[in-house]
Amino acid sequence: MSRRKKVEDAITAINQGPKVLKLYMEMCARCGTCASQCPVYYAKPEKDINPVIRSDLIRAIYKKLSTTSGKLMGELVGARDFSEDDFEKWAEDFYECTGCRRCATYCPFGIDNSVITRKGRAILHELGLTPAVMQRVVDISLETGNTDGASPKAFMAAIEFLEEEMKEEHGIDIKIPVDVEGATYFYVPPSGDVLVNPEATTGIAKVFHVLGMADQWTMSSKCFDGANYGLFTGDDASMKADNKLYVDEAKRLGAKVMLMGECGHAYRIMKMMMEPAKWWGDLPFEITNCLQWTAIHIKAGRLQFDKTMNPMPVTYHDPCNFGRSCGIVDEPRIILEASCLDFREMYPNRGDNWCCGGGGGLSAMDTILDFRMEITGKKKMEQIRATGAKYVAAACSNCKRQLIQLMEYHNEDIVVGGVHDMLSRAILINGKAAQRIDYESGVAVESESG
Amino acid sequence: MSTFAFIVGGILPGIAVVIFIVGMVYRLSVWLKIPQPGRMTLFPASEGTTKAVVAEALFFPSLFRGDRVLWTFAWVFHATLALVALGHIRVITGFVDRVLMAMGMSAEGIATMSGTVGGIAGVILFATGTLLLIRRLTMQRVREISGLPDFFALLLLIAIIFTGDMMRFGAHFELEQTRIWARSLVTFSPQIPQHGMFLTHALLALLLIMYIPFSKILHFGGIFFTQSLIKRR
């Protein structure tokens, strides 16, 4: 089959659904509101960046193939044929949208351009035109179960290291159970929260410890990364295959609760896509996330904190997938307000928050680093500066990577980390907070000496 | 009776109504049938999905938060359009008159109100329609996404508004003739007003009615579908 035929078939298939896509092909009133709320267009107000123009890459062909006016009047009504020359433009343009869905929040009809972006990427994938760096993440994850390609052995070493750290911090053994069958909670973080930015995971371990539930949870040495880049490449088959590894592992362990870590898109795939669409039928476990779970215990007064451990101004960046797409907005604030002395809001926030600039998998693409630092992340940088915060918490490994690079690129002395990281430093165990913190991103080290 | 008047006033209304109804039923039924796996909810999402969707259709709160200037033009334009549509239903059916009379208004009172409210509404529509057109022509982010269908829809509406206004402010037209005409159509014995401005207005309006199911103006039906998907709790 010719490449052009493949594209046309994929676009014609929109007539069979999903409903959102079909509606978005036919509904836009072209009022320009999306562009005024798009983080990318904000920094680069050029025609090719306009969300409507990007969506038109597919819409125009859809019109030509599936509408009478498009067939009869062609370019006069914005309909046109696909041409082989378009591939290059598609590959570039569809990876310039961060999929943050902010446009949909302000569009009078709620048109979500990220759905069209994902369709464009899906077609690129079908033709083998996914950017190599993105495809590699998907392949590695399918091969090893995690996006870092870490072996179970490397994972166990990391867990051992974290247990030693906690022993030094608190003088007692705080366990991170692994591969325990029959444990109630199966904790699924992003791999970054074990290997790169591990304080979030020690935070979770401490919460379980304080609650006396240390024997009721487990991690998996094979499935310790909820990240699933099939969402970003538009590759449904890979997304589902990756997802199935985790659902199967939860079933094998006999868990009652799949406790998702600080990873927005992982939680969104589980909670908003896999579960309601019943990819794997009815599940023998429920799905929640660590922010909700910890917040419940804080509200119930079961956890105590020494806020002076986190004296610096702290702000929270709402990851688009957690905030706008899953409504997890109050919980991280409950955790940060309980564990930090000076929590500050960033404006706008919650469902209105601006994307970090690394959404839609872009944060993994160092091939477009300058674009991410100068364009997609511009608004975020301004927002963070305005808070005066010295620590930005983001419950998302993709946001964290983008934000860390953003701070380095713009020479800002602002630390980026997770939400449970702050909890880990301030939570009281036997009446005492952690005694020693020397992680690389250790703002607390400064505050101890200063 | 001229051929033009007979086509516009006698034949086209029937064709337009059939095309409109068949077109709308077709488009909406297709949208209803297509499956939607997974949830597209955008947060914050309130508990009452229907209430939120109706609020979007009536007051455009998302647009209000997104672009205050456009909201002002668009809301006033749409709300006035709805009022004028109601006014046309009054003129054509007389049903609204009966309701108003039951509420104690006299026939003269209704006529005066219709003249005043209709006149003001006509001016507002023309002004906001023109502002929307100017916005489309001058604002970069809107101009770069505007194509022939966008200008056609807007210009057609403005032309309908203009000819409607002209019947009130220029070439005077007795409203009662419209009611007679509408009734005559139902009984298939057309009595068509021989009035140039009226016929032009009717022609453009009938073109619009036929165009709606196949154009972006269908957004007044689609909004319930798209907003339901993202407001679904």
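The coordinates are above.
A. Broad picture of the overall build of chain A. Counting its regular elements, chain A contains 23 helices and eight strands. Computed over C-alpha atoms, the radius of gyration of chain A comes to 22 Å, within 12% of the 22 Å expected from 2.2 N^0.38 for 450 residues, which places it in the range of a compact globule. Counting across all 450 residues of chain A, residues that qualify as buried make up 55%. In chain A, of all internal contacts separated by at least 6 residues, the share reaching a separation of at least 24 is 79%.

B. The interface of chain B and chain A, seen in detail. Taken together, the contact pairs 41 residues of chain B with 45 residues of chain A. Elements with a contribution of two residues or more to the side of chain B that touches chain A: helix H3 (61-66), helix H7 (140-143), helix H8 (148-169) and helix H11 (219-231) of chain B. Ranked by residues supplied to the side of chain B that touches chain A, first place goes to H11 of chain B with eight residues. Along the lines of polarity and charge, the residues of the side of chain B that touches chain A split into 22 nonpolar, twelve polar and seven charged.

C. Representation of the pairing of strand S4 (residues 286-289) of chain A within the structure. With four bridges joining them, strand S3 (residues 257-260) of chain A and S4 of chain A adopt parallel strand pairing. Its bridge partner lying in S4 of chain A, Met260 of chain A is registered against Asn289 of chain A.

D. Fine view of the sheet that holds strand S6 (residues 342-344) of chain A. Residue and element names in this part refer to chain A. Strand order in the open sheet made by the four strands is S6-S5-S7-S8, with parallel pairing throughout. Only two strands of the sheet have a single partner each, and these edge strands are S6 and strand S8 (415-417). Each strand of the sheet is rotated relative to its neighbour by a mean of 30°, with strand direction disregarded. The pairing of strand S5 (residues 313-317) with S6 spans three bridges and is parallel. Pairing of Pro313 across the sheet is with Asp342, part of S6.

E. Fine view of the sheet that holds S3 of chain A. Residue and element names in this part refer to chain A. The sheet built from four strands is open, its strands ordered S2-S1-S3-S4 with parallel pairing. Single-partner strands in this sheet number two, and they are strand S2 (217-218) and S4. Across two bridges, strand S1 (residues 185-188) lies against S2 in parallel orientation. Within S2, the residue paired with Tyr185 across the bridge is Trp217. Lying on the sheet, helix H17 (residues 290-299) is in contact with S3 and S4; it crosses S4 at an angle near 75°.

Calculation criteria
- Residues numbered from 1 in each chain as written.
- Chains lettered and ligands numbered in written order.
- Predicted model: local features only at pLDDT ≥ 70, side-chain atom pairs only at ≥ 80, totals over all residues.
- Helix = DSSP H or I, 4+ residues; strand = E, 2+ residues; numbered from the N terminus.
- Rg over C-alpha atoms; globule rule 2.2 N^0.38 Å.
- Buried ≥ 20, exposed ≤ 12 C-beta atoms within 10 Å, placed from the backbone.
- Contact = placed C-beta atoms within 7 Å.
- Nonpolar A, V, L, I, M, F, W, Y, C, P; charged D, E, K, R; others polar.
- Pairing = 2+ DSSP bridges.
- Axes fitted to C-alpha atoms, helices over the stretch in contact; angles between N-to-C directions.

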